[in-house]
Amino acid sequence: MLLGGEVVPASLIRLLRQVFKGEIHNMYGPTETTVWSTTHRVEEVASTISIGRPIANTQVYLLDAQLNPVPTGEIGELFIGGDGVVRGYWNRPDLTAERFLRIPSVAADRIYRTGDLAAV
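Residues numbered from 1 in each chain as written. Predicted model: local features only at pLDDT ≥ 70, side-chain atom pairs only at ≥ 80, totals over all residues. Heavy atoms only, no water.

1. Structural notes on the pattern of salt bridges
Phase 1: Inspection of the entire model under this criterion finds 5 salt bridges.
Phase 2: One salt bridge in this structure joins Glu43 and Arg41, with 3.9 Å as the shortest N-O distance.
Phase 3: Between Arg113 and Glu77 there is a salt bridge, with the nearest N and O atoms lying 3.1 Å from each other. Of the two residues, Arg113 is situated in strand β8 (residues 111-119) and Glu77 in strand β6 (residues 75-82); the sequence distance between them amounts to 36 residues.
Phase 4: Through salt bridges that share partners, Glu23, Arg41 and Glu43 make up one connected network. (Salt bridge = Lys/Arg side-chain N within 4 Å of Asp/Glu carboxyl O. Helix = DSSP H or I, 4+ residues; strand = E, 2+ residues; numbered from the N terminus.)

And the structure:
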């Protein structure tokens, strides 16, 4: 079962475990990055459900306000790079410039600024 769209509450996973015996995956990704960018196979129910690791040809970055990588355990803004990142917004060069960035300190050619916060 693939879940995605919003934050998956642990209570939903517990309920699903009662009626569904197969694998459950939490999928994360905005439309600007071809819908799914990360996946996590949910095996144990914790208080929060991880968004997991990047899918193939995708990179994720947690950056601070100055666009530098945050240390492990710190909260940062989630940026996504890779083959799935779209070129920008149709007829919205202002919004495209705000959300799609080129940052020399990361390996991706262009990254998408999700606005979501995360920690490793």
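And the narrative resumes.
2. As for unusual backbone geometry
Phase 1: In this structure, Leu67 is a non-glycine residue whose phi angle is positive, near 65°.
Phase 2: Relative to the assigned elements, Leu67 resides in the loop between β5 (58-63) and β6.
Phase 3: If you check the backbone angles, Asn91 has positive phi at about 55° while not being a glycine.
Phase 4: The residue Asn91 is located in the loop between β6 and α2 (93-99) in this model.
Phase 5: Using a relative accessible area of 62% as the deciding quantity, one classes Asn91 as exposed. (Buried < 20%, exposed > 50% of the residue type's maximum accessible area, 1.4 Å probe, protein only.)

3. So, helix α1 (residues 10-19)
Phase 1: Taken residue by residue, α1 has Ala10, Ile13 and Leu16 as its buried positions. Taken end-on, α1 shows its buried residues confined to a sector of 120°, consistent with a single buried face. Along α1, exposed side chains directed more than 90 degrees from the buried face belong to Gln18 and Val19.
Phase 2: Tucked into the core, α1 has its buried residues touching β1 (2-3). (Arc of directions from axis to C-beta. Contact = heavy atoms within 4.5 Å.)

4. Brief notes about the packing of aromatic side chains
Phase 1: Scanning all chains against the criterion turns up 2 aromatic pairs.
Phase 2: Their ring planes at 45° and their centres at 5.1 Å tell us that Phe100 and Tyr112 sit as a pair that is tilted. Residue Phe100 is located in strand β7 (residues 100-101), and its partner Tyr112 is located in strand β8; the two are separated by 12 residues in the primary sequence.
Phase 3: Members of the aromatic cluster, connected to one another through ring pairs, are Tyr89, Phe100 and Tyr112. (Phe/Tyr/Trp six-rings, centres within 6.5 Å; stacked < 30°, edge-to-face > 60°.)

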